[in-house]
Amino acid sequence: MAKVHALPQVDSSSSSSYISSNPETFTIWMKSLVMQTNGCTVYNENGDVVYRVDNYDKKGSNEVYLMDLRGNVLFTILTRKLFLSRRWRGYKSDGLKLRNQKPYFQVQNTEIFQGNLSCRITHVRSREAPESCHYKLESLAGKLAFKITSSNGEIVAEAKRKQSSSGVLLGDDVLTLVVEPHVDHSFIIGLVTVYGLMHHKL
């Protein structure tokens, strides 16, 4: 089977294309469109594929790529196993240029209580202004639904199991993701990718 290879990361300095002044709604399907691969496919409100992850390795690979529809790499996400936890780092690079590059974001699971998961997220806004900000990702036991909040407690993104127009719940690997205004949704989809890795969906 032919593989769809990732292209080198393009200059994403025009990140404004990933930010909207209105809430954005996406459909997350924790499946790859490429046969016999693990991955994730993201659709916009018009039903167009806008992001994808195609993992040709086993689920939970230590290195995956978040790409746009054309195969341009937006983030390379690396997993590092620690003594009692794991750490995921997202780089705005294609994996060939990671040396001496600082991660754009980092996720570490900090608390698991009765199956509920809480993760701390550190996000560097830009290379020009390298100050960091912090978020928290929280999910409930046995569910893929989750929310991401800022350091002041405001919800910046939330995912729930998707319902059809008639109110019927779809499969538990299909989610509706709402991203609040003025939030980089490529960054949020990067966190969704990490979340899929945590739950061995990718």
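Each value, and the rule that gives it
- Residues numbered from 1 in each chain as written.
- Predicted model: local features only at pLDDT ≥ 70, side-chain atom pairs only at ≥ 80, totals over all residues.
- Heavy atoms only, no water.
- Helix = DSSP H or I, 4+ residues; strand = E, 2+ residues; numbered from the N terminus.
- Contact = heavy atoms within 4.5 Å.
- Areas by Shrake-Rupley, 256 points an atom, 1.4 Å probe, with all protein chains shown as cover.
- Core = buried A, V, L, I, M, F, W, Y, C linked by side-chain atoms within 4.5 Å.
- Buried < 20%, exposed > 50% of the residue type's maximum accessible area, 1.4 Å probe, protein only.
- Pairing = 2+ DSSP bridges.
- Polar contact = N/O pair within 3.5 Å; in protein donor to acceptor, adjacent residues only side chain to side chain.

Student: Can you lay out the overall build of the protein chain for me, pointing to particular residues and giving the numbers?
Tutor: From N to C terminus, the protein chain includes one helix and 12 strands. Counting from the amino terminus, helix and strand elements in the protein chain follow one another as β-β-β-β-β-β-β-β-β-β-β-β-α. A separation threshold of at least 6 residues defines the contact pool for the protein chain, and within that pool the share at least 24 residues apart is 38%. Summing over all exposed atoms, the protein chain offers an accessible surface of approximately 11100 Å²; the carbon and sulfur share of this is 49%.

Student: Describe the nonpolar core, with residues and values.
Tutor: Within the largest apolar cluster, 43 residues are counted, with the highest numbers of intra-cluster contacts made by Ile28, Phe105, Val107, Phe146, Ile148, Leu177 and Ile188. The element contributing the most residues to this core is helix 1 (residues 185-198), with nine residues. In contact with Ile148, other than residues within four places in its own chain, are Ile121, Tyr135, Lys136, Leu137, Glu154, Ile155, Val156, Ala157, Ile188 and Leu191.

Student: How would you summarise the pairing of strand 2 (residues 38-43) if you had to cite specific residues and measurements?
Tutor: Among the six residues of strand 2, six are classified as buried, and the element is accordingly described as predominantly covered. Where strand 2 and strand 3 (residues 49-55) come together, six bridges link them in antiparallel fashion. The residue bridging Cys40 from the neighbouring strand is Val53, located in strand 3.

Student: For the environment of Asn46, give the residues involved together with the corresponding values.
Tutor: Along the polypeptide, Asn46 turns up in the loop between strand 2 and strand 3. Asn46 sits in the exposed class, given a relative accessible area of 65%.

Student: A description of unusual backbone geometry should follow, citing residues and the corresponding values.
Tutor: Positive phi, close to 65°, is recorded for His182, a residue that is not glycine. Residue class for His182 comes out exposed when judged on its relative accessible area of 60%.

Student: Now, about the side chain of His123: what can you tell me, with residues and values included?
Tutor: Along the chain, His123 falls in strand 8 (residues 116-124). A relative accessible area of 7% places His123 in the buried class. Within polar-contact distance, the side chain of His123 engages the side chain of Tyr104 at 3.2 Å.

Student: I'd like a description of the pairing of strand 5 (residues 73-81), backed by residues and values.
Tutor: As defined by bridge partners, strand 4 (residues 63-68) adjoins strand 5 across five bridges and the pair is classed as antiparallel. Bridge assignment links Val64 to a residue of strand 5, and that residue is Ile77. The loop that links strand 4 with its antiparallel partner strand 5 comprises four residues; one of these, Gly71, has a positive phi angle of about 90°. Sheet topology places strand 5 next to strand 6 (residues 86-91); six bridges connect them, and they run antiparallel. Bridge pairing links Thr76 to Tyr91 in strand 6.

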